[in-house]
Amino acid sequence: MITANKKGRLTVLGAVAIGAMVALAGCASSDPLSSGDSSASGDGDTLVIGSQQYYSNEIIAELYAQALEAKGYKVDRQYQIGQREVYLPELESGKIDVFPEYTGNLLQYYDKEETAKSPEEVETALAAALPDGLTALKAAAASDQDSYNVTKEFSEENDITSLADLKNYSGTLTLGAPPENAERPYGPPGLKSIYGVDVTSTPIDDGGGPLTVKALTDGSVQLADIYTASPLITENDLVTLEDPENMILPQNVVPIVSDKVDSDAQDVIDSVDAVLSASDLQQLNSKSQTDKESSATIAKDYLTEKGLLDS
Amino acid sequence: MNWIWSNSDYILDKTIVHLGLSVPPVILAFVISLPIGWAANRFTRLRGVVLAVAGLFYAVPSFALLVVLPGLIGYSIRSNTNLIIGLTLYGIALMVRSVADGLQSVEADVRQSATAVGYSGWQRFWRVEIPLAGPVLLAGLRVVLVSTISLATVGGILGINGLGLLFNDGLQRDIMAEIVAGIVLTIVMALVLDGLLVLLGRALMPWTRGRSATRTGTPTVARQKVVAP
Amino acid sequence: MNLFLDAFAWLADPAHLSGADGVPTRLGEHLWYTIVAVVIASVLAVPAGYLIGHTGRGRTLAVALTGGARALPTVGLVFLLALLVGIGITAPMIAFVVLAIPSVLAGAYSGFEAVDRKTIDAARAVGMTEWQIVTKVEVPLGLPLLIGGIRSATLQVVATATIATVVGAGGLGTYIFRGLRSNDYTQMLAGSIVVIALAVALEVVFSIVQRLVVPAGVTAGRPSDTRSKAARPGAVTATPLTKGTQ
């Protein structure tokens, strides 16, 4: 039977226990309910930099972050955000200030019917398509777009070096690609209508990474959609098929900034993109993929090498 | 392994965030399940309905739920709130049965004696029924805690912060050590918190100390927890 | 509510219902993976569970395994295995079997344990051999709890099989992830609805089976209302709850 003493002890212990758990949870993450639906934009001169859930994108974001910090800006990092529908509104409302994006996909997001083809056309169309509150700075030379790849053996055996050659292939073509590829105009529908090629698609959701490459090299798929900046293409001796009809959308790296980013900050960001070439981006990615370095280390090394960390 | 040492800060950060996202749903689920379980026990007709609904709810695949919830509640898929609400709902689905069964296991005689001695309904509930149902509640709570910690990793694929992000990143960059770290930390966190919960249970219910679960002593109820959540 | 209407419209669209990427195909894949995983898990776990339940040995290990396995994040396991073996169903299937085994194991041994010792003694007294006791007494009486374990395992696998698509193995998760990556919430929702419907349907089927499988004249091992003992027909499978609590 519970006596009054025991009851009192129970209550106290219970309260302490629950209090401890709540306090632990509370101080464990400063505010578990906030980061995600309302990111901390901090005080006046803190810039919030976000990134996609893609390691390469995070490296670029870290480049911007460190360059800005070197010039005296305070930076708050919010990486690994999954969807455009999440971070774009936050960019518009000023909760995020800087976000590295890709010209083609972003243009597609705002304007599904777009028909721009060349990198310049896409960049211009994007500037027009962006809503108020968002500005696209100058795109970098570096691009990270989809590309269709085959193994070296496949290319040599079947004499296939371009997407136009694919229709000559007599066997079945299976394509390993990220899930969204299936419905993109440069996905299987485009391959069919522009190049006359029938492919069956196997979605692989590793961002054109190790699983996709392995599927290609061990023959589970004949064709793989891998991003051009991926180090895995050269590492595995893959052949990127040419795209004579310019079906694939260019994806130059372009920083999207909110109104809060003043022209000085914009210049800092521009200075990073001015030097970022396609091969540079490949090397940065290689450091992450192959050497498994963290984005912070990779960014620091690159910026130091380019002299962008001197204030 | 080197990767783990050089990225220990990142891993630690993910662990702390994960903790902060797993523990509140468990507490919330417990608190919310008490009145529901009590009602299910008190009104026999309600019992079948409540338990059936809870069972069906638990059948809903977590990933699917996290996708469907934003459409219903308006928070974005990626938000922590989405994950916490989803985890809490699962916790309630699991816990309600424990509460109902635990309260049911209190014998009528004990209830009647309590009333005879002078306890009011409210007092009887908190001072007699809940403590006696304690072990069953604890068993249920332990299951909820462990499954919540494991379930919270699903959020990582949607971009929600926590140990789940380690799985995604490790897959994209071919870093097995990262995925292993995520798995190990999830299991360790679950075991540690489970152990703490057991200690808490012993502290709050001293009369259950020294009793080991023998074959005949373990009631069907506790075994049910293992089998049919 | 609009979103849900859109999702149902998406599902009703014939273009989405045909071909290798159609809903029926993916649904079939998803169900097939689940069945195979649970069958494999049962083949492994049921004999082991029966052994543990009948002899009483190895129980602590089994309980610890069941509890610990609940903490294992299957998603992580799938990704890890995929990095090792490549795309396709092998990696996820291994993970699904690992996921399913604990529940089936627990169902098997707790089914046996729920059989009243007196009944077993009576069977021995009547002259049954050990094997006969197992097959004629423990298995039938333990069936409801075993089915409960299989049911639990099935639901867990159905839920987790949505992840198979990430490693190139298809299944209903295809729509969810494609929708996720293309910002097509309608498709995501449609895929989720189908998965939920499948899970709920299986849950209903199993609860019916679980009730049907109870031998006549016996309760299904659910906690009995000890207040109305008189109403209970010889409750051989329920251990009275008044005997201790944890």
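Quick caveat, the model's predicted, so the values are computed rather than measured.

### Examining the overall build of chain B
Then step 1. A tally of helices and strands in chain B yields 11 helices and zero strands.
Then step 2. In sequence order, the secondary structure elements of chain B are arranged as α-α-α-α-α-α-α-α-α-α-α.
Then step 3. Buried residues in chain B amount to 60% of all 229 residues.

### Describing the overall build of chain C
Then step 1. Helix and strand counts for chain C come out as nine helices and zero strands.
Then step 2. Overall, chain C shows an N-to-C arrangement of helices and strands of α-α-α-α-α-α-α-α-α.
Then step 3. Within chain C, the fraction of its 246 residues that count as buried is 51%.
Then step 4. Looking at chain C alone, contacts between residues at least 24 apart form 69% of all its contacts between residues at least 6 apart.

### Concerning the interface of chain A and chain C
Then step 1. With 21 residues of chain A at the interface, the matching set in chain C holds 16 residues.
Then step 2. Contributions of two or more residues to the side of chain A that touches chain C are made by helix 3 (84-92), strand 7 (199-203) and helix 8 (210-217) of chain A.
Then step 3. Element by element, the count of residues in the side of chain A that touches chain C is highest for helix 8 of chain A, at four residues.
Then step 4. Class assignment of the residues belonging to the side of chain A that touches chain C gives a composition of nine nonpolar, five polar and seven charged.

### Points about the environment of Ala7(C)
Residue and element names in this part refer to chain C.
Then step 1. Mapping Ala7 onto the fold places it in helix 1 (residues 2-12).
Then step 2. Classification of Ala7 by C-beta neighbours within 10 Å gives buried; the count is 24.
Then step 3. Residues Ala7 and Gly191, spaced 184 residues apart in sequence, show a C-alpha to C-alpha distance of 8.4 Å.
Then step 4. Apart from residues no more than four positions distant in its own chain, Ala7 is found in contact with Thr186, Leu189, Ala190 and Ile193.

### Some thoughts on unusual backbone geometry
Then step 1. A positive phi angle is found at Asn246(A), which is not glycine, with a value near 55°.
Then step 2. Among the secondary structure elements, Asn246(A) is positioned in the loop between strand 9 (239-240) and strand 10 (253-258).
Then step 3. Here Asp174(B), not a glycine, exhibits a phi torsion of approximately 60°, which is positive.
Then step 4. Relative to the assigned elements, Asp174(B) resides in the loop between helix 9 (164-173) and helix 10 (176-204).

### Observations concerning the confidence of the model for chain B
All names here are of chain B.
Then step 1. Scored by pLDDT, chain B has a mean of 83; 90% of the residues are at 70 or more.
Then step 2. By mean pLDDT, helix 11 (residues 220-227) is the weakest element of chain B at 39, and helix 10 is the strongest at 92.
Then step 3. In this model, residues 212-229 is a region of pLDDT below 50 whose contacts with residues beyond four sequence positions or in other chains number 47 contacts.

### Side note on the sheet that holds strand 8 (residues 223-225) of chain A
Residue and element names in this part refer to chain A.
Then step 1. Pairing within the open sheet is mixed, and its five strands lie in the order 7-6-8-5-9. In this open sheet, the two edge strands, each paired with only one partner strand, are strand 7 and strand 9.
Then step 2. The pairing of strand 5 (residues 148-150) with strand 9 spans two bridges and is antiparallel. When the sheet's bridge partners are listed, Val150 is paired in strand 9 with Val239.
Then step 3. Together, strand 5, strand 6 (173-177) and strand 8 form the strand contacts of helix 8, whose direction differs from that of strand 8 by roughly 165°.

### Notes on helix 4 (residues 62-73) of chain B
All names here are of chain B.
Then step 1. The end-to-end C-alpha distance of helix 4 is 16 Å, a good match for the 16 Å that 12 residues give at a rise of 1.5 Å each.
Then step 2. With nine of its 12 residues buried, helix 4 lies for the most part within the structure.
Then step 3. When helix 4 is considered as a whole, its buried residues turn out to be Ser62, Phe63, Ala64, Leu65, Leu66, Val67, Val68, Leu69 and Pro70.
Then step 4. Positive backbone phi, approximately 90°, marks Gly74, located one or two places after helix 4.

### Examining the environment of Pro131(A)
All names here are of chain A.
Then step 1. On the secondary structure map, Pro131 appears in the loop between helix 5 (119-129) and strand 4 (134-136).
Then step 2. Taking the C-beta count within 10 Å as the criterion, Pro131 has 10 such neighbours and is therefore assigned exposed.
Then step 3. Separated by 21 residues in the primary sequence, Pro131 and Tyr110 place their C-alpha atoms 8.7 Å from one another.

### With respect to the nonpolar core
Then step 1. Membership of the largest hydrophobic core comes to 214 residues, with the highest contact counts inside it found for Tyr64(A), Phe96(C), Ala100(C), Val104(C) and Val167(C).
Then step 2. When residues of this core are assigned to domains, at least three map to each of domain 1 (46-142 + 252-305) and domain 2 (148-240) of chain A.
Then step 3. With sequence-adjacent residues up to four places away left out, Val167(C) is seen in contact with Ile204(A), Leu211(A), Val78(C), Ala82(C), Ile87(C), Ala91(C) and Pro92(C).

### Considering the environment of Asp121(C)
Residue and element names in this part refer to chain C.
Then step 1. Relative to the assigned elements, Asp121 resides in helix 6 (residues 117-126).
Then step 2. Assessed through the 11 C-beta atoms surrounding it within 10 Å, Asp121 is described here as exposed.
Then step 3. Sequence-wise, Asp121 and Gly67 are 54 residues apart; in three dimensions their C-alpha atoms are separated by 31 Å.

### Considerations on the packing of helix 2 (residues 8-42) of chain B against helix 5 (residues 80-104) of chain B
Residues and elements named next belong to chain B.
Then step 1. Contact pair helix 2 / helix 5: the axes reach a minimum separation of 6 Å and the direction vectors enclose 40°. The angle between helix 2 and helix 5 falls in the class oblique. The way helix 2 lies across helix 5 gives a crossing that is right-handed.
Then step 2. Tallied by class, the residues present in the contact of helix 2 with helix 5 amount to 21 nonpolar, seven polar and no charged.

### Let's talk about the packing of helix 3 (residues 44-59) of chain B against helix 5 of chain B
Residue and element names in this part refer to chain B.
Then step 1. Here helix 3 crosses helix 5 at 145°, and the two axes come no closer than 9 Å. Once helix 3 is placed against helix 5, the crossing between them reads as left-handed. Contacts from Arg47, Val50, Leu51, Ala54, Phe57 and Tyr58 in helix 3 reach Leu89, Tyr90, Ala93, Leu94, Val96, Arg97 and Ala100 in helix 5.
Then step 2. Of the residues that constitute the contact of helix 3 with helix 5, the class distribution is 11 nonpolar, no polar and two charged.

### Points about the pairing of strand 2 (residues 74-81) of chain A
Walk down a regular strand and you will see the side chains alternate between the two sheet faces.
All names here are of chain A.
Then step 1. Across six bridges, strand 1 (residues 46-52) lies against strand 2 in parallel orientation. In the sheet register, Thr46 faces strand 2, and the bridge partner there is Lys74.
Then step 2. With helix 2 (residues 55-70) bridging strand 1 and its parallel neighbour strand 2, the resulting β-α-β unit is right-handed.

### Focus: the pairing of strand 7 of chain A
Residue and element names in this part refer to chain A.
Then step 1. Among the five residues that make up strand 7, four are buried, leaving the element largely enclosed by the rest of the structure.
Then step 2. Sheet topology places strand 6 next to strand 7; five bridges connect them, and they run parallel. Note on strand 7: the bridge partner recorded for Gly176 is Thr202.

So, how was this worked out
Residues numbered from 1 in each chain as written. Chains lettered and ligands numbered in written order. Predicted model: local features only at pLDDT ≥ 70, side-chain atom pairs only at ≥ 80, totals over all residues. Helix = DSSP H or I, 4+ residues; strand = E, 2+ residues; numbered from the N terminus. Buried ≥ 20, exposed ≤ 12 C-beta atoms within 10 Å, placed from the backbone. Contact = placed C-beta atoms within 7 Å. Nonpolar A, V, L, I, M, F, W, Y, C, P; charged D, E, K, R; others polar. pLDDT = per-residue confidence, 0-100. Pairing = 2+ DSSP bridges. Axes fitted to C-alpha atoms, helices over the stretch in contact; angles between N-to-C directions. Expected span 1.5 Å × (residues − 1). Core = buried A, V, L, I, M, F, W, Y, C linked by C-beta atoms within 7 Å. Domains from an automatic or database assignment. Parallel < 35°, antiparallel > 145°, perpendicular 65-115°, else oblique. Left-handed = near helix turned anticlockwise from the far one by under 90°. Right-handed = clockwise from strand over helix to strand, strands pointing away.

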